[in-house]
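Fold and geometry: a report
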Number of protein chains: 2
Amino acid sequence: MIQKKRPTLYDVAKEANVSIATVSNVLNNKAEASEETVKRVNQVIKQIGYSRNESARSLKRGESKLIGLIVPDNNPFFTEILDGIQHECEYYDWQVVVATSEESEKRQNQLIDLLLAQQVSGIILAPVSDTLSYPKISKKTPIVLIDREVENVTLPVIKADNVDGCYKATKTLLRNGHKRIGLILASPGISTTVQRRHGYVEALNSQNIQIDEDLIQFGGNYTGTKAQIDGGYQAVMNMMKLTSPPTAIFATNHLLMIGALKALNELKLNIPKDMSFIGFDDHPWQEISTPKFTIVSQPAFEMGKQAIHALHKYKSSNETIKTSLPLQLIIRESCGTEK
Amino acid sequence: MIQKKRPTLYDVAKEANVSIATVSNVLNNKAEASEETVKRVNQVIKQIGYSRNESARSLKRGESKLIGLIVPDNNPFFTEILDGIQHECEYYDWQVVVATSEESEKRQNQLIDLLLAQQVSGIILAPVSDTLSYPKISKKTPIVLIDREVENVTLPVIKADNVDGCYKATKTLLRNGHKRIGLILASPGISTTVQRRHGYVEALNSQNIQIDEDLIQFGGNYTGTKAQIDGGYQAVMNMMKLTSPPTAIFATNHLLMIGALKALNELKLNIPKDMSFIGFDDHPWQEISTPKFTIVSQPAFEMGKQAIHALHKYKSSNETIKTSLPLQLIIRESCGTEK
DNA sequence: CTGAAAGCGCTTACAG
DNA sequence: CTGAAAGCGCTTACAG
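These numbers come from a predicted model, not from an experiment.

This part covers the environment of B:P291. Residue and element names in this part refer to chain B. Inspection of the secondary structure assignment puts P291 in the loop between strand 9 (276-280) and strand 10 (294-297). Sequence spacing of P291 and E333 is 42 residues, and the spatial spacing of their C-alpha atoms is 5.8 Å. What P291 contacts, discounting residues up to four positions off in sequence, is I271, E333 and S334.

Put into structure tokens, the structure is as follows:
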């Protein structure tokens, strides 16, 4: 329980018989000091246990070594993105401040303000809606969008190729002979929903199958694990009440998928015998479930890594990177025989 | 894309015709300004969109509004803890910097240094081992332990009552007639492992059943989801090779549980017919699995909340809170008939 | 290659 | 109730 205050540059300078400017230089590898001086200073630093006061540095430089991450919630998908971000931040010597918007635009914008006040080097944002009302974006403190796009501003964005991924998943179901395919979507106001729907529609169109809006259900705008699972559950219940219910269901996120499966269970519908099913986002549980589910898997970790890359690129060369990472369809046992 | 620099206290002061000290006072609710002045200053603040530079404040006060969280990895248990922490930080106007130690002590200590350099108000730590080699702990920047305890330092700690929880789980198995109960533990070097083992041993002792070390398997010190699942898998495989294999298995964390179930699947052992099973940590998947698994559930969210509480308490009154939250045994269908 | 000095934007005694 | 001023610990031109 040592209470004495942290040593400063002055302490190091005094001990090493140099000026604080010199200490600062060796600290920042400015290569303006003689080899001998560098060695001596470094020795003193280690000896007295000096480490830089980042607040002071941030104040002077107008920028901290912090990166902000704002996601709607901490579900496993966003957590894996965080993993990727943390991994890559290591390289740039950045640390990550996390915050959740809980799908509230007001809260999201407050969080941006808070992060800006912390002088963060940049913000990675999974926006709550398809427009961004936030004007204070500079080259120095850029916002990089992740997962979800926005219509009214040009920003770097790292996302998944939702259209293609959902097109392929739907195609697989079509190839297996299904004509009535239920689609369960999340909240209508975000780009991923629009794009996933788009992929589905394109696949049906390619087969000249009419879109039946009754087969497209929204899991609701609800926040929270339980509410989303309920959304998936309700979606299936609604579909199965139709005069002509679907013979296959495609759930476009993990929680929706769990809710949908719960409903199917209750209805005693066997997968894949009575109902074909494709889910979203892989999870270790799927290795031991029966049947093993065919799913669309997102490269979340990679998305996180690339977001930090894009952030750095934007800061260093003002380049606006827009990347659409491929979604992987992992065929297992839940949608019939054809592989 | 507004590039002009952020307004400062001076800008506000000039615009409101007061000194910067006054602006600072109203900003900090120091109640030393007349009502009229407060109103005018607040109006100017809103008008020019001022928000405080936290780096400057942190430098002056020697403390930022940041809280550090160091966990071994971002598995769902720790993510739920993060949720609780974030929730509670809202109240104290703190933000959370997250970092993962990846079960490396060296990395853990580096991260503590980095966080201290950020002048964090405190650190919540799930330590990688049962001793803490870190000396720089003050009342101002305390470390609060979460989930895992440490032997050599007295610090606030918020943990689960692992002994009791595992005692009860084992007792349930014993009551159902099992005498040979396999126990799958995580890494031996951490307090949770020791305590979970202790609960198991106590339960067997209460029944005068000899401990068979062959029935106690460690999932290994491995980091990463896959390695831990493999650990659980291997543990079961080892146990089932015994001349007298267990008739019930208790897996003491979620990943270990998944691995164990995978092994049991492969061995075509039906739960609960051929094998009783109790797992750890609840998950929505369990609502739709067959059978529904009996598990020990941890109050992770609550632990996160209480950790922030304990941190605040320690800072304000130097009180060292030690809390052991009850574990909940959720009886479902995986360990026989008796409820 | 090194040092003296200004200044980043705040908070906080202190004086009035 | 309000203001002038010092100082938190750095970085960075600038001078030597």
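Once you've had a look at it, read on.
With that settled, consider the protein's contact with DNA strand D. Around DNA strand D, the surrounding shell holds 28 residues, and the nearest of these are A:S24, A:Y50, B:S19, B:T37 and B:K60. The sugar-phosphate portion of DNA strand D accounts for 63% of its atoms within 4 Å of the protein, the bases making up the rest. Separating a phosphate oxygen of DNA strand D from a backbone N or O atom of A:L9 is a distance of 2.9 Å. Between DNA strand D and B:T22 there is a distance of 3.0 Å, counted from a phosphate oxygen to a side-chain nitrogen or oxygen. Going through the elements one at a time, helix 1 (9-16), helix 2 (20-27) and helix 4 (54-61) of chain A together with helix 2 (20-27) and helix 4 (54-61) of chain B are the ones with two or more residues in the surface near DNA strand D.

Quick look at the protein's contact with DNA strand C now. Looking at DNA strand C, there are 28 residues lining it, with A:S19, A:T37, A:K60, B:S24 and B:Y50 nearest. Each atom of DNA strand C within 4 Å of the protein was classed as base or backbone; sugar and phosphate made up 63%. Residue B:N53 places a main-chain N or O atom 3.4 Å away from a phosphate oxygen belonging to DNA strand C. At 3.5 Å from a base nitrogen of DNA strand C is found a main-chain nitrogen or oxygen belonging to B:A56. Looking at the surface near DNA strand C element by element, the count peaks at five residues for helix 4 of chain B. The residue inventory of the surface near DNA strand C, partitioned by class, reads 11 nonpolar, nine polar and eight charged.

Before going further, it helps to examine the sheet that holds strand 7 (residues 216-218) of chain B. Residues and elements named next belong to chain B. What the six strands build is an open sheet, ordered 7-6-8-9-10-12; its pairing is mixed. Two strands bound the open sheet, and with one partner strand each, they are strand 7 and strand 12 (328-330). Across the sheet, the mean angle separating the axes of adjacent strands is 15° when strand polarity is ignored. Two elements, strand 8 (residues 248-251) and strand 9, share three bridges in a ladder whose sense is parallel. Across the sheet, I249 pairs through a bridge with F277, a residue of strand 9. The strands that helix 9 (residues 225-240) touches are strand 6 (181-185), strand 7 and strand 8; relative to strand 6, the one it contacts most, it runs at about 150°. Contacts between helix 10 (residues 254-266) and the sheet are confined to strand 6, strand 8, strand 9 and strand 10, with strand 9 contributing the most and set at about 150° to the helix.

Residue and element names in this part refer to chain A. With six of six residues buried, strand 1 (residues 66-71) is to be regarded as a mostly interior element. Along strand 1, one buried face is formed by L66, G68 and I70 and the opposite face, lined by I67, L69 and V71, is buried too. Here strand 1 runs beside strand 2 (residues 95-100); their pairing, made up of six bridges, is parallel. Across the sheet, residue I70 finds its bridge partner in strand 2, namely A99. What joins strand 1 to strand 2 is helix 5 (residues 76-92), and the crossover it makes is right-handed. Pairing of strand 1 with strand 3 (residues 122-125) involves four bridges; the strand directions are parallel. Directly across from G68, in strand 3, lies its bridge partner I123.

The subject of this paragraph is the domain arrangement of chain A. As a measure of interface size, the accessible area lost when the parts come together is often cited. Domain boundaries assigned for chain A yield domain 1 (9-52), domain 2 (62-160 + 301-326) and domain 3 (162-298). Once you take the C-alpha centre of each, domain 1 of chain A and domain 3 of chain A turn out to be 61 Å apart.

Looking now at the nonpolar core. Judged by nonpolar contacts, the single largest core of 52 residues is most densely connected at A:I184, A:F277, B:I184, B:L261 and B:F277. Those elements that provide at least two residues to this core are helix 9 (225-240), strand 8 (248-251) and helix 10 (254-266) of chain A together with helix 9, strand 8 and helix 10 of chain B. One finds A:L69, A:F78, A:Y92 and A:I308 within the second-largest nonpolar core, a separate group that totals 50 residues.

Moving on: the packing of helix 4 of chain A against helix 4 of chain B. The N-to-C vectors of helix 4 of chain A and helix 4 of chain B enclose an angle of 140°; their axes lie 8 Å apart at closest approach. Our classification of the angle between helix 4 of chain A and helix 4 of chain B gives oblique. Classified by chirality, the crossing of helix 4 of chain B by helix 4 of chain A is left-handed. Taking contact as the criterion, the partners of A:S55, A:A56, A:S58 and A:L59 in helix 4 of chain A are, on helix 4 of chain B, B:S55, B:A56, B:S58 and B:L59. In terms of residue class, the contact of helix 4 of chain A with helix 4 of chain B is built from four nonpolar, four polar and no charged.

Of the transformation superimposing chain B on chain A, the axial component is 0.0 Å and the angular component is 180°, with the fit at an RMSD of 0.0 Å. Each copy turns onto its partner about a two-fold axis. Every residue of chain B has its C-alpha some distance from the rotation axis, and the shortest such distance is that of B:V97, at 2.1 Å. By residue overlap, the copies meet face to face through one surface: 100% of the interface positions of chain B are interface positions in chain A.

The rules we used
- Residues numbered from 1 in each chain as written.
- Chains lettered and ligands numbered in written order.
- Predicted model: local features only at pLDDT ≥ 70, side-chain atom pairs only at ≥ 80, totals over all residues.
- Heavy atoms only, no water.
- Helix = DSSP H or I, 4+ residues; strand = E, 2+ residues; numbered from the N terminus.
- Contact = heavy atoms within 4.5 Å.
- Near = heavy atom within 4 Å.
- Polar contact = N/O pair within 3.5 Å; in protein donor to acceptor, adjacent residues only side chain to side chain.
- Nonpolar A, V, L, I, M, F, W, Y, C, P; charged D, E, K, R; others polar.
- Pairing = 2+ DSSP bridges.
- Axes fitted to C-alpha atoms, helices over the stretch in contact; angles between N-to-C directions.
- Buried < 20%, exposed > 50% of the residue type's maximum accessible area, 1.4 Å probe, protein only.
- Right-handed = clockwise from strand over helix to strand, strands pointing away.
- Domains from an automatic or database assignment.
- Core = buried A, V, L, I, M, F, W, Y, C linked by side-chain atoms within 4.5 Å.
- Parallel < 35°, antiparallel > 145°, perpendicular 65-115°, else oblique.
- Left-handed = near helix turned anticlockwise from the far one by under 90°.
- Least-squares fit on C-alpha atoms with pLDDT ≥ 70 in both.

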